[in-house]
Amino acid sequence: MRRKLVVANWKMYGSLMQCREAVPTLAKAVDPAVELVLCPPAPYLGTASDLASASALHIGAQDVAAQKEGAFTGEWAAPMLADVGCRYAIVGHSERRQRHAESDADVVAKAGSCVEAGIIPIVCIGETEQERLAGQTEAVLARQLGPLLEARGRADFVLAYEPVWAIGTGRSATPEMAQEVHAFLRQRLAQVDAALAEKVPLLYGGSVKPDNSAALFAMPDIDGGLIGSASLQTESLLAIYRAMQ
Ligand code: PGA
């Protein structure tokens with residue numbers, strides 16, 4: 001049985017007060033059958049971890065450096081995330097790929113440094129609208145996935161399919177569109193290792209809301225969601241979480 005998870009990506013929103021309010025409520029609502037992962041901005045990770053420590057709620061970072069340590073002002077390393085109690089880190093989010101020019105190789109290096117430190121990477125991939133319209137969706141995803149499968153085929157990771165055109169736009173992929181891509185990704189994983197394909201949770205992300213989450217999560221290859229704006233309200237995040245349960 002594959003893990004099911006709902007991951008909340010607060011992006012650069014929220015506050016210490018919001019952490020103090022949301023984390024205990026989320027911690028109380030978590031049921032071990034479906035993992036819930038909160039990824040607040042980096043300055044709040046330690047506090048969020050402390051508040052979640054007695055519960056099954058997991059805390060994750062939104063990004064991480066590829067290096068273990070060094071003269072990299074403004075960055076943080078995977079062992080530091082482990083140090084403050086994080087379990088997960090998002091890597092390769094399209095906002096990082098686009099605004100910070102992260103390459104597929106950078107993303108794989110980040111995922112690798114997570115695995116070494118005992119942090120589970122949530123690796124994001126997805127096509128732009130232009131690429132989809134040009135019929136390149138599968139080629140783009142195969143390119144983004146390729147180095148990851150070569151380098152980390154057997155390690156523990158989570159894959160998140162986030163079509164760039166669906167992120168923050170209110171235009172989610174339909175459940176059928178998302179399922180088609182997830183089935184393709186599962187098949188690519190199976191080409192490397194059938195057991196791996198059965199094990200890796202595939203999340204869908206991009207305008208997941210309380211009213212579309214149940215239909216998306218009902219698809220056989222969708223094992224959970226990566227939730228942006230709808231995760232900022234605890235009630236709407238919990239509605240989505242319940243849809244996964
Ligand atoms: P959204 O963001 O739910 O606001 O579309 C998803 C994401 O960027 O992970």
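Residues numbered from 1 in each chain as written. Predicted model: local features only at pLDDT ≥ 70, side-chain atom pairs only at ≥ 80, totals over all residues. Heavy atoms only, no water.

1. Re the environment of Gln 233
Using the following cut-off: Where helices and strands are cited, they refer to DSSP runs of H or I of at least four residues and of E of at least two residues respectively, numbered from the N terminus. We call a residue buried when its accessible area falls under 20% of the maximum for its residue type, exposed when it is over 50%, and partly exposed in between, using a 1.4 Å probe and counting protein chains only.
Tracing the sequence through the fold places Gln 233 in the loop between strand S8 (224–227) and helix H11 (234–244). Judged by its relative accessible area of 54%, Gln 233 is exposed. For Gln 233 and Glu 69, which are 164 residues apart along the polypeptide, the C-alpha to C-alpha distance reads 35 Å.

2. Re the nonpolar core
So the rule is basically this: Here the nonpolar core consists of buried residues drawn from Ala, Val, Leu, Ile, Met, Phe, Trp, Tyr and Cys, with membership extended through side-chain atoms lying within 4.5 Å. Residue contacts are counted whenever heavy atoms from the two residues lie within 4.5 Å of one another.
Among the nonpolar cores identified, the biggest contains 64 residues, and Leu 57, Leu 159, Leu 185 and Tyr 204 are the most heavily contacted of them. Once residues within four sequence positions are removed from consideration, Leu 57 is found in contact with Val 23, Leu 26, Ala 27, Val 30, Leu 36, Leu 38 and Ala 52. With 13 residues, the next largest nonpolar core counts Cys 39, Ile 90, Ile 120 and Leu 226 among its residues.

3. Quick notes on the side chain of Ser 231
Among the secondary structure elements, Ser 231 is positioned in the loop between S8 and H11. With sequence-adjacent residues up to four places away left out, Ser 231 is seen in contact with Ala 8, Asn 9, Trp 10 and Leu 237.

4. Remarks on the side chain of Asp 63
Here is the rule we go by: Two N or O atoms count as a polar contact when they lie within 3.5 Å, although within protein this holds only if one can serve as hydrogen donor and the other as acceptor, and sequence-adjacent residues are included solely when both atoms are side-chain atoms.
Take Asp 63: it is sitting in the loop between strand S3 (58–61) and helix H3 (78–83). One polar contact links Asp 63 to Arg 96, side chain to side chain, over a distance of 3.2 Å. At a separation of 2.9 Å, a polar atom in the side chain of Asp 63 contacts the side chain of Lys 110. Each residue touching Asp 63, except ones within four places of it in the same chain, is listed here: Trp 76, Leu 81, Ile 90, Arg 96, Glu 102 and Lys 110.

5. Section: unusual backbone geometry
Most peptide bonds take the trans form, and the phi angle of most residues other than glycine is negative. Of note in this structure, Lys 11 is not a glycine but carries a positive phi near 55°. Structurally, Lys 11 can be placed in the loop between strand S1 (5–9) and helix H1 (16–29).

6. Topic: the pairing of strand S7 (residues 202–205)
The following threshold applies: At least two DSSP bridges between two strands are needed for those strands to be called paired. Note on handedness: a clockwise path from strand one over the helix to strand two, with the strands aimed away from the viewer, defines a right-handed crossover.
Here S7 shows no split at all, with Leu 202 and Tyr 204 on one side and Leu 203 and Gly 205 on the other all buried. Pairing between strand S6 (residues 158–161) and S7: three bridges, direction parallel. Considered in S7, the bridge of Ala 160 is made with Leu 203. Bridge count for S7 against S8 is three bridges, and the pairing is parallel. Counterpart to Tyr 204 in the pairing with S8 is Gly 225. Between S7 and its parallel partner S8, the chain crosses via helix H10 (residues 210–217), and the hand of that crossover is right-handed.

7. Comments concerning the layout of surface pockets
The gaps of empty space that remain are located by a probe, the size of a water molecule, rolled over the atoms. What counts is decided by this rule: Grid points spaced at 1 Å over the protein atoms alone were grouped into cavities, where a 1.4 Å probe fits but cannot get out, and pockets, open sets with protein on both sides within 12 Å along at least five of seven lines, with lining residues defined by an atom within 4 Å of a point. Grid points are joined across faces, edges and corners, and a volume is the space filled by probe spheres set on the points. Charged means Asp, Glu, Lys or Arg here, nonpolar means Ala, Val, Leu, Ile, Met, Phe, Trp, Tyr, Cys or Pro, and polar covers whatever is left, Gly included.
The volume enclosed by the largest pocket comes to roughly 810 Å³. Class assignment of the residues belonging to the lining of the largest pocket gives a composition of 15 nonpolar, eleven polar and seven charged. Considered as a void within the structure, the second largest pocket measures approximately 180 Å³ in volume. Ser 94, Arg 97, Gly 126, Gln 144 and Val 164 are, among the 17 residues lining the second largest pocket, the residues nearest its centre. Put simply, the parts of the chain that give the lining of the second largest pocket at least two residues each are helix H4 (94–99), strand S5 (120–125) and helix H7 (137–152). When its residues are assigned to classes, the lining of the second largest pocket shows four nonpolar, seven polar and six charged.

8. Structural notes on the site of the ligand
Quick reminder of the rule: Here a residue is considered near a molecule or strand provided that any single heavy atom belonging to it is located within 4 Å of it. Here the accessible surface of atoms and residues is derived via Shrake-Rupley with a 1.4 Å probe, and residues count as covered only by protein chains that are part of the display. For a cavity or pocket, the test is whether more than half of a molecule's atoms lie within 2 Å of its grid points; if they do, the molecule sits there.
In the neighbourhood of the ligand, 13 residues make up the surrounding shell, with Lys 11, His 93, Glu 162, Gly 168 and Ser 207 lying closest. With respect to the ligand, the backbone of Ser 207 contributes an N or O atom lying 2.8 Å from an oxygen atom. Between the ligand and Ser 229 there is a distance of 2.9 Å, counted from an oxygen atom to a backbone nitrogen or oxygen. Calculation on the ligand without its partners gives an accessible area of 290 Å², and the protein chains cover 99% of this total. Given that more than half its atoms are within 2 Å of the pocket grid, the ligand belongs to the largest pocket.

9. What to know about the sheet that holds S8
The cut-off we apply is this: Note on geometry: axes are lines fitted to C-alpha atoms, helical ones only across the stretch in contact, with angles between N-to-C directions running from 0 to 180 degrees.
Ordered by their spatial adjacency, eight strands build a closed barrel running S1-S2-S3-S4-S5-S6-S7-S8, and the pairing between neighbours is parallel. Direction aside, the axes of adjacent strands within the sheet are offset by 25° on average. As paired strands, S3 and strand S4 (residues 88–91) are joined by two bridges and run parallel to one another. What sits directly across from Ala 61, in S4, is Ala 89. Strand contacts of helix H8 (residues 175–192): S5, S6 and S7, with the helix running at about 150° to S7, the strand carrying the most contacts.

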